[in-house]
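Summary of structural features
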Amino acid sequence: MQMLPLRTATSTTGGARMDKDQGTREMEEQLEMVAKAFVDHYYNLFDTNRAALACLYDQTSMLSFEGQKILGADEIARKLSQLPFEQCKHSISTVDCQPSPFVGGILVFVTGNLHLAGEEHQLRFSQLFQLIPTQQASFFVQNDIFRLNYC
């Protein structure tokens, strides 16, 4: 995934307040573009080639899946590939993002529905990612928290 450079805005007519507001808006728009691109990519891989998700994680990455903590890209990939279903389809309802405390990092919160092949009812889920920039102008998933939402 290509990392978008975060720019600050300058204005020749509006003063410092306009520059800050415009710069904040531009940064928010860029964060949203990266978050949406990541979410589209992640769930497309999950639904079509789950084993390929391993490349989105690092050896320091942590997944909390329904309360179970898994550390490292290899173990995370193993967990995701051993889920008790082969086919699924995610439908995303919301994507929210914020800059994370890690410089250049992004917090991405996703809600949606998960439809399992052969099941009549969809399952609601929530998932939180912390994306960390890499030296290759991309991101990896440092933290991933997944929960099904039962009502």
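Everything below is about the structure shown above.
Heads up: these notes are all about the structure in this document.

With respect to a nonpolar patch on the surface
- Taken together, the side chains of Phe109, Leu128 and Ile145 define a hydrophobic patch exposed on the protein surface, amounting to about 220 Å² of accessible area.
- Here Ile145 lies in strand E6 (residues 139-149).
- Look at Ile145 and you get partly exposed, because its relative accessible area is 41%.

Examining the packing of aromatic side chains
- Under the definition given, this model contains 9 aromatic pairs.
- A centroid spacing of 5.0 Å and a plane angle of 80° characterise the contact between Tyr42 and Tyr43, whose relative ring orientation is edge-to-face.
- A relative accessible area of 1% means that Tyr42 is categorised as buried.
- In this structure Tyr43 comes out as buried when scored by relative accessible area, which is 4%.
- When the ring of Tyr43 is compared with that of Phe129, the centres are 6.4 Å apart and the planes differ by 70°; the resulting orientation is edge-to-face. You can see Tyr43 sitting in helix H1 (residues 15-48) and its partner Phe129 sitting in strand E5 (residues 123-133), a full 86 residues away along the chain. An identical accessibility class is assigned to Tyr43 and Phe129; each is buried.

Focus on the nonpolar core
- One finds Tyr42, Tyr57, Leu80 and Phe129 to be the most contacted residues of the largest nonpolar core, which totals 33 residues.
- Put simply, the parts of the chain that give this core at least two residues each are H1, strand E1 (57-65), helix H2 (73-81), strand E4 (106-116), E5 and E6.
- In terms of residues, this core owes the most to one element, H1, which gives 9 residues.
- If near-sequence neighbours (up to four positions away) are discounted, Leu80 is found in contact with Tyr42, Phe46, Arg50, Leu53, Tyr57 and Leu63.

Rules of the game
Residues numbered from 1 in each chain as written. Predicted model: local features only at pLDDT ≥ 70, side-chain atom pairs only at ≥ 80, totals over all residues. Heavy atoms only, no water. Patch = residues over 30% accessible without salt bridge, like charges linked within 9 Å, V, L, I, M, F, W, Y side chains within 5 Å. Areas by Shrake-Rupley, 256 points an atom, 1.4 Å probe, with all protein chains shown as cover. Salt bridge = Lys/Arg side-chain N within 4 Å of Asp/Glu carboxyl O. Helix = DSSP H or I, 4+ residues; strand = E, 2+ residues; numbered from the N terminus. Buried < 20%, exposed > 50% of the residue type's maximum accessible area, 1.4 Å probe, protein only. Phe/Tyr/Trp six-rings, centres within 6.5 Å; stacked < 30°, edge-to-face > 60°. Core = buried A, V, L, I, M, F, W, Y, C linked by side-chain atoms within 4.5 Å. Contact = heavy atoms within 4.5 Å.

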